[in-house]
Amino acid sequence: MAAITTTPGAHHDAEDPNASFLEKKGLMSWLVTLDHKRIGIMYLISVMIAFALGGIFALLVRAELLTQGKTLMDADTYNKMFSLHGVVMVFLFIIPSIPAAMGNIILPIQLGAKDVAFPRLNLLSLYIYWFGACFGLYSMINGGVDTGWTFYTPYSSSDPALGGVGSSTSVIPMTLAAFIMGFSSILTGVNFIATVHKMRAPGLTWRRLTLFTWALYSTSIIQVLATPVLAITLLLLTMERFLGLGIFDPRLGGDPVLFQHFFWFYSHPAVYIMIVPGMGVVSDIIATFSRREPVGYMAIAASSLGLALLGFLVWGHHLFVAGMSEYATMVFSALTFLVAIPSGVKVFNWVATLYKGSISLQSPMLWALSFIFLFTIGGLTGLFLGMLAVDVHLHDTYFVVAHFHYVMVGGTVMGFVGGLHYWWPKFTGKMYDEAPAKAGWFFVFVGFNITFIAQFIMGSRGMPRRYYDYLPEYEIFHQISTVGSWVLGFGFVIILYVLVKSLMSGKPAPRNPWGSAALEFQTPTPPPTFNFVKDPVLTRGQYDYQLATEDELYEGFDDPLFPGIRGGKPAAKPAAAAEGEKE
């Protein structure tokens, strides 16, 4: 339990320490703010717009594949739709979704800090993200791209205007978008690492950090070390396209496989930039809704660091069919299996935490349980692809598409939406309706599995990915997958309705709506501008449910600043005291 004591005289004397961070009105108060929570909310709105845009592209792709031949669009437009779906989802949504949005809102509060270590750098990161997104938007308006989200050379680097045979679409603006947004990712990572090291509240030792904090810390290390490789690679691609340098284009003496090495040296660790924060969210949700300290706390924390390290060593398995020595394939195959260990440690400890836990199936918990189920399927099917003989058969089929989406959507998106439901009352100050929230989860869960189980089957039967047309024997699987995408999209529309209705007419949220022991739920809702009315000093851990009384477990914890108030309402009196009053 994050029991805290307080010290007087904290924070800026000129500010009202009790004022909510949402009290200031006006557009400029948001655009020039240094408050991490406001910056996080602006990230949140941005990534949700990107998610909606990428989702629309996905629905259009699935609609086109409903029947053989042309259904909605021609082949060139189809190529652009699936490329834009990938680029928007990966670079504009998934990578910044949990770290930049949820991390900015919650991380400093979980550390008991007033803000991140470098607030101005934090705001600069947001503007860099927006600047890069503008390049992406320009690329979409100016004809889009048809290279896929991987920008493989020489198709992306060879310019037809200079006599090349590559794509004539807006490749350069889109690669510049990814290049610029990479700087935003690096700066956010630097900021979070410094914040975790230097801004922790007194008493908040490394062993008392939340697992979400550990996950963000590990993710930040990957962001700082891996992202520059992508930036240099995309810069080289741009130089080859503009200046005709022979780096990746074999026509000019370059090597296209070199691009694949550079790209996947970043992009495989980037998978962990996407998934590890979701694992942190799920760890916190499971602890709260199981009323238990996570089993193997340090093992889960260390496994996040393990994923951050091992993620750099396995990029070669993406190139098994691109030409590689048999000894190199053996090494990369073995290293790929090694990654399963820290992932397995997390899944085992989550299940062990649930065992004999006091489980409450509220909407955030449903998303967390979905994460475990779907990510496990995604992880296990990844082992198939790490095995050379099987990978040769399944490479570039819909099996890979389904595996990737079970990890990215079944993992990261489930974690993101689960975290959104978990922390929504805290940072908006509004509750949402549980029944429609659970209905939204149900449609997303069912629709997702209908969509991608069909893709596992047709992929294992040889259906290639990214194809505009297909043989008759695959039509039924495409039709099932498309219907599933409609169910999936309907589920997200329900969730949007639930959250908008909450903002418009939701009931005020109590301080601790879930009865959590974590530090962020010990401060008022919504949090004050500087997160805490007075500086917190931790005397117990953030998962010490075993130290809580029965009243605290079921009614929330006493507010240290307003004793007798639990979860935003007066605490129930002990039975003996109540009987004494009757007498």
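A quick note: this is a predicted structure, and the numbers were derived from the prediction, not measured.

Draft legend 1. Highlighting helix α8 (residues 297-310). Between its first and last C-alpha atoms α8 spans 20 Å; for 14 residues at 1.5 Å apiece the expected length is 20 Å, and the two agree. Taken residue by residue, α8 has Tyr 297, Ile 300, Ala 301, Ser 303, Ser 304, Leu 307, Ala 308 and Leu 310 as its buried positions. Those residues of α8 that are buried lie in contact with α6 (211-243), α7 (256-290) and α9 (326-354).

Draft legend 2. Just unusual backbone geometry, in detail. Cis geometry is adopted by the peptide bond preceding Pro 154, which originates at Thr 153 and carries an omega value of 5°. Mapped onto the fold, Pro 154 is located in the loop between α4 (119-141) and α5 (171-198). Look at the link from Thr 525 to Pro 526: it is a cis peptide, with omega at -15°. Tracing the chain through its elements places Pro 526 in the loop between α14 (475-505) and β2 (535-538). Non-glycine residue Asn 531 carries a positive phi angle of around 75°. Among the structural elements, Asn 531 can be located in the loop between α14 and β2. Under the relative-accessibility criterion, Asn 531 is labelled buried at 0%.

Draft legend 3. How the structure looks around the packing of α7 against helix α10 (residues 363-386). Interhelical geometry of α7 versus α10 gives an angle of 130° and a closest axis separation of 9 Å. On the basis of their axis angle, the class for α7 and α10 is oblique. Crossing geometry of α7 relative to α10 is assigned as left-handed. Between α7, through Ile 275, Gly 278, Met 279, Val 282, Ile 285, Ile 286, Phe 289 and Ser 290, and α10, the contact on the second element is made entirely by Pro 364, Met 365, Ala 368, Phe 371, Ile 372 and Phe 375. Its residues assigned to classes, the contact of α7 with α10 comprises 12 nonpolar, 2 polar and no charged.

Draft legend 4. Here's a closer look at empty space enclosed by the protein. Following the criterion strictly, the structure yields 2 cavities of 30 Å³ or more and no others. Lining of the largest cavity is provided by 17 residues; of these, Phe 91, Ile 95, Pro 96, Met 181 and Ser 185 occupy positions nearest its centre. When residues of the lining of the largest cavity are traced back to their parent elements, those giving at least two are α3 (75-110), α5 and α6. Looking at the lining of the largest cavity element by element, the count peaks at 6 residues for α5. Its residues assigned to classes, the lining of the largest cavity shows 11 nonpolar, 6 polar and no charged.

Draft legend 5. Just the environment of Ser 333, in detail. Within the element layout of this structure, Ser 333 appears in helix α9. The spatial distance from the C-alpha of Ser 333 to the C-alpha of Val 537 is 47 Å, given a sequence separation of 204 residues. Sequence-distant contacts of Ser 333, that is, excluding residues within four places in its chain, are made with Phe 320, Gly 386, Met 387 and Leu 388.

Draft legend 6. Seen up close, the packing of aromatic side chains. In total, this model carries 43 aromatic pairs according to the counting rule given. Geometrically, the ring pair formed by Phe 248 and Phe 259 is edge-to-face, given 5.3 Å between the ring centres and 80° between the ring planes. Here Phe 248 is found in the loop between α6 and α7, whereas its partner Phe 259 is found in helix α7, with 11 residues between them in sequence. Owing to a relative accessible area of 0%, Phe 259 belongs among the buried residues under this scheme.

Draft legend 7. Representation of helix α2 (residues 36-64). For α2, built from 29 residues, the straight-helix expectation of 42 Å at 1.5 Å per residue is met to within 8% by its first-to-last C-alpha distance of 42 Å. By the N-cap criterion, in which a side-chain oxygen at the helix start approaches the backbone nitrogen of a residue two or three places on, α2 is capped by Asp 35, the distance to Lys 37 being 2.8 Å.

Draft legend 8. Structural detail: the packing of α6 against α7. The interhelical angle for the contact between α6 and α7, taken along N-to-C directions, is 160°, at an axis separation of 8 Å. One way to sum up the angle between α6 and α7 is to call them roughly antiparallel. The two elements α6 and α7 meet at a crossing, and its hand is left-handed.

Draft legend 9. Fine view of the pattern of salt bridges. On inspection of all chains with the given rule, the structure shows 5 salt bridges. Here Asp 433 makes a salt bridge to Lys 501, at a shortest N to O gap of 2.8 Å. Of this pair, Asp 433 sits in the loop between α12 (398-428) and α13 (434-460) while Lys 501 sits in helix α14, placing them 68 residues apart in sequence. In this structure Asp 433 comes out as partly exposed when scored by relative accessible area, which is 37%. Two residues, Lys 438 and Glu 434, come together in a salt bridge whose shortest N-O distance is 3.9 Å.

Draft legend 10. Quick peek at the nonpolar core. Ranked by size, the top nonpolar core spans 163 residues in total, and within it Phe 91, Phe 93, Trp 350, Trp 423 and Phe 427 carry the most contacts. Looking at which element gives the most residues to this core, the answer is α3, with 21 residues. Sequence-distant contacts of Phe 427, defined by excluding residues within four places in its chain, comprise Phe 21, Leu 22, Ile 41, Leu 44, Ile 105, Leu 420, Pro 526 and Pro 527.

Each value, and the rule that gives it
Residues numbered from 1 in each chain as written. Predicted model: local features only at pLDDT ≥ 70, side-chain atom pairs only at ≥ 80, totals over all residues. Heavy atoms only, no water. Helix = DSSP H or I, 4+ residues; strand = E, 2+ residues; numbered from the N terminus. Expected span 1.5 Å × (residues − 1). Buried < 20%, exposed > 50% of the residue type's maximum accessible area, 1.4 Å probe, protein only. Contact = heavy atoms within 4.5 Å. Axes fitted to C-alpha atoms, helices over the stretch in contact; angles between N-to-C directions. Parallel < 35°, antiparallel > 145°, perpendicular 65-115°, else oblique. Left-handed = near helix turned anticlockwise from the far one by under 90°. Nonpolar A, V, L, I, M, F, W, Y, C, P; charged D, E, K, R; others polar. 1 Å grid on protein atoms, 1.4 Å probe; cavity = no way out; pocket = protein on both sides within 12 Å on 5 of 7 lines; lining within 4 Å. Points joined across faces, edges and corners; volume = space filled by probe spheres on them. Phe/Tyr/Trp six-rings, centres within 6.5 Å; stacked < 30°, edge-to-face > 60°. Polar contact = N/O pair within 3.5 Å; in protein donor to acceptor, adjacent residues only side chain to side chain. Salt bridge = Lys/Arg side-chain N within 4 Å of Asp/Glu carboxyl O. Core = buried A, V, L, I, M, F, W, Y, C linked by side-chain atoms within 4.5 Å.

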